[in-house]
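An overview of the molecular structure
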Amino acid sequence: MNHFLLWASLLGPALLAEGLLARYEVLAYGAGWRNPVTTLPKGVPYARGAAPDDPPKAYLVYLDGIGKRRVRDSRDGGQLVKAVIAAAPELRVLGQVQPYSPLADPLADRPVWAWLRRHIGLLLFLHNVMQIFVAADRRYRPLYNRAVGSQIATQLRLAGYRPGSGTPVVLLSYSGGAQVATGAVDELRTRLAAPLMLIMFGAFHNGANDLSCAEHVHQLTSAYDRVERVGTWMFPQRWPLLRRSAWNRAARDGKITVHRLDPATHVGPRSYISPTALLPDGRSHLDRTTDTVIAIVRSRRAATAMAQDPAP
């Protein structure tokens, strides 16, 4: 009981502080008090993979889960991005976007947070969790969506994307990154006039963002993913009964395709991006997720080519 009270006394104020800080950042963006960060640290490219002067077949933006704290890091140490680049050199891949910062300011690079990371690492986790709920809150959602959509559009331009070129943009998102990906659709369409496709795995999102401007949404899921299942229970817009929600409208319009990746879990040694968990065919979970993502992107390209050059 004493341990519970101790944790409650620590977590309560921490959650309150994180909630206020998360709201401050999106409001600071909206009021123009601070300008979003656009430059990257020295030595970090705006994108990897295909060169911009030889137009890539698609631009892929990776929006990581709540473990994302800086430009360079990701929950899996960047293995998924590296695997996609290695297996699909025709893609130009961006992994530096900060989905949990409307100001595009990497959390772990801020001096105060660098100290906290060394001493109270849990606060970094709580910060990104609270940002997801701010992004899902109907009071802040439009502003948050505009902020991160603008950040993604800026990074794509700096990586060589030419608005109006017709080159597809793929938003690949993991866990809470799906909330950001679904919210960025309208802003990206407005700023880049780009064909947009969403691929999400272990997706945790509220289902309230309009997906009508997206070409298609591919949901990579597993019956063993408890975190994703919690999201479908937590947010009413994901419930089948609310037929008029944005998510359910997209499903009725045939915009959502589900891909099963059993027995992957959300996190841990059997997660979607585990390089050690093996399938019966000898591939790792990371290999299968990579193969699935690339197959989806390439199938879209093949379908477009057939539509533009139908058989006689």
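In what follows, the structure referred to is the one given above.
Keep in mind that what you see is a predicted model, and the values were worked out from it rather than measured.

With the rule as written, the count across this model stands at six aromatic pairs. A centroid spacing of 6.4 Å and a plane angle of 40 degrees characterise the contact between Phe133 and Phe235, whose relative ring orientation is tilted. Of this pair, Phe133 sits in helix 4 (residues 122-136) while Phe235 sits in the loop between helix 7 (226-234) and helix 8 (246-252), and the two are 102 residues apart along the sequence. What makes Phe133 partly exposed here is its relative accessible area of 33%. What links up through ring pairs into an aromatic cluster is the set Phe133, Phe204 and Phe235. Of note, Arg238 hangs over the ring of Trp247, and the distance from its end group to the ring centre comes to 5.1 Å.

Before going further, it helps to examine the nonpolar core. Within soluble globular proteins, side chains that are nonpolar tend to cluster in buried spots. With 49 residues, the main nonpolar core has Val61, Ile152, Leu156, Val169, Leu188 and Leu198 as its most contacted residues. Secondary-structure elements contributing two or more residues to this core are helix 1 (2-31), strand 2 (58-63), helix 4, helix 5 (141-158), strand 4 (169-174), helix 6 (177-192), strand 5 (196-201) and helix 8. Here Val61 is in contact with Leu94, Val97, Ile152, Leu156, Val169, Val170, Leu171 and Leu172, once residues within four sequence places are set aside. Counting residues in each nonpolar core, the second largest holds 26 residues, with Leu172, Tyr174, Ala264 and Tyr272 among its members.

All right, on to the pairing of strand 3 (residues 91-94) then. Each regular strand carries side chains that alternate between the two faces of the sheet. Side-chain alternation along strand 3 places Leu91 and Val93 on one buried face and Arg92 and Leu94 on a second face that is also buried. Where strand 1 (residues 48-49) and strand 3 come together, two bridges link them in antiparallel fashion. By the bridge assignment for strand 3, Arg48 is matched with Val93. Alignment of strand 2 against strand 3, held across four bridges, turns out to be parallel. By the bridge assignment, Tyr59 is partnered in strand 3 with Arg92.

Rules and cut-offs
- Residues numbered from 1 in each chain as written.
- Predicted model: local features only at pLDDT ≥ 70, side-chain atom pairs only at ≥ 80, totals over all residues.
- Heavy atoms only, no water.
- Phe/Tyr/Trp six-rings, centres within 6.5 Å; stacked < 30°, edge-to-face > 60°.
- Helix = DSSP H or I, 4+ residues; strand = E, 2+ residues; numbered from the N terminus.
- Buried < 20%, exposed > 50% of the residue type's maximum accessible area, 1.4 Å probe, protein only.
- Lys NZ or Arg CZ within 6 Å of the ring centre and 35° of its normal.
- Core = buried A, V, L, I, M, F, W, Y, C linked by side-chain atoms within 4.5 Å.
- Contact = heavy atoms within 4.5 Å.
- Pairing = 2+ DSSP bridges.

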